[in-house]
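# Fold and contact review
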Amino acid sequence: MLSAKMEDYLKTVYELQSQGEGPVSTSSIAETLDVTAPTATSMMEKLEERGLVEREKYKGVTLTREGETVALEVIRHHRLLETYLAEQLGYNWTEVHDEADRLEHHISEEFERRVAEVLDDPEVDPHGDPIPTEALDPVEEFIGETLDQHVEGDSVVVERVRDRDPEELAYLEDVGITPGTTLTVEEVAPIGMVTVLLGNGESVSLPDSIASAIRVSEASETEDASSLA
């Protein structure tokens, strides 16, 4: 039986591993979880003993297939719960992350199955994050580019937004930028601001810190036309 803390570490390694190639450094894990490096190292040793991670000296850790399965199950619980809280219980998308964090370790597989059934097996959560299937196959965590990587004139569709900062989410919701929104990049300022045009004709300026948290895909011609209508 794994503790909630162990599952949190495995989930963190999975998410960091998805951002690049190769082993995940202990310092990255410690920074993400806001713990000391020795604390993170100690936990990696325990997870290695259980066959959930493999460690390479001076390089970092990678998940074993068993460790990856545990991480994906926790992520599936988390994102299903976020969706359930938003769609069935009326939670705002700014509230669901922390609530799901508290619940994700404590639901049964039967509860997970029933939640998925009620929601008709959703593919993404309220922030656009992909929900692993019941088979726990790996998901593509970082599809597309971030908004700050685009240039003036680009028309894009918001696919995902970072879910960790409630104030950031509240601001994006207030200005009308949520998954599915079509945006046209109007200006990329050298001072670290990106100005976008929404479908309602309003312009919104976003600092790079927020633009880099918005993952987008290229808009189709149909979506371009609808955004200008």
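Refer to the structure above for everything that follows.
Okay, so let's go over this structure. Everything numeric in this text was worked out from a predicted model, so none of it was measured. All residue numbers refer to positions counted from 1 along the written sequence of the respective chain. Thresholds applied to this predicted model are a pLDDT of at least 70 for local features of residues and 80 or more for the giving and counting of side-chain atom pairs; totals over whole chains, interfaces and linings are not thresholded and use all residues. Neither water nor hydrogens contribute to the side-chain values; these are computed over all heavy atoms in the structure.

Under the scheme used here, helices are H or I runs from DSSP no shorter than 4 residues and strands are E runs no shorter than 2 residues, and both carry numbers assigned from the N terminus. Here Glu 104 lies in the loop between helix H5 (96-103) and helix H6 (109-118). Of the residues examined, Glu 104 reaches a relative accessible area of 1% and is grouped as buried. Throughout this description, a polar contact denotes any pair of N or O atoms lying within 3.5 Å of each other; where both atoms belong to protein, one of them has to be capable of donating a hydrogen while the other can accept it, and for residues adjacent in sequence the pair is counted only when both atoms sit in side chains. A distance of 2.7 Å separates a polar atom in the side chain of Glu 104 from a polar atom in the side chain of His 78. We call a residue buried when its accessible area falls under 20% of the maximum for its residue type, exposed when it is over 50%, and partly exposed in between, using a 1.4 Å probe and counting protein chains only.

The antiparallel open sheet is built from six strands, whose spatial order is E3-E8-E4-E5-E6-E7. Single-partner strands in this sheet number two, and they are strand E3 (145-146) and strand E7 (203-207). Sheet contacts for helix H7 (residues 166-175): strand E4 (155-161), E7 and strand E8 (214-218); angle to E7, the most-contacted strand, approximately 165 degrees. Two strands pair under a simple rule: DSSP has to find at least two bridges between them. Only heavy atoms enter the contact rule, under which two residues are in contact if any of them lie within 4.5 Å. Only the stretch in contact is used when fitting a helix axis, every axis being a line fitted to C-alpha atoms; angles between N-to-C directions are given from 0 to 180 degrees.

Among the residues making up H7, those that are buried are Glu 168, Leu 169, Leu 172 and Val 175. Down the axis of H7, the sector holding all buried residues measures 135 degrees, keeping them to one side. Away from the buried face of H7 by more than 90 degrees, exposed residues Glu 167 and Asp 174 are located. Packing partners of the buried residues in H7 comprise E4, E7, helix H8 (208-211) and E8. Capping of H7 at its N-terminal end is provided by Asp 165; its side-chain oxygen lies 3.0 Å from the backbone amide nitrogen of Glu 167. Picture the helix axis, draw a direction to every C-beta atom, and the arc is the one those directions span.

Turning next to unusual backbone geometry. A positive phi angle, near 70 degrees, is found at Tyr 58, a position not held by glycine. Mapping Tyr 58 onto the fold places it in the loop between strand E1 (53-56) and strand E2 (60-63). For Asp 120, which is not glycine, the phi torsion reads 60 degrees and is therefore positive.

Moving on, we get to H5. The set of residues buried in H5 consists of Val 96, His 97 and Ala 100. Along the long axis of H5, the arc covered by the buried residues comes to 95 degrees, so they all point the same way. The elements touched by buried residues of H5 are helix H4 (65-88).

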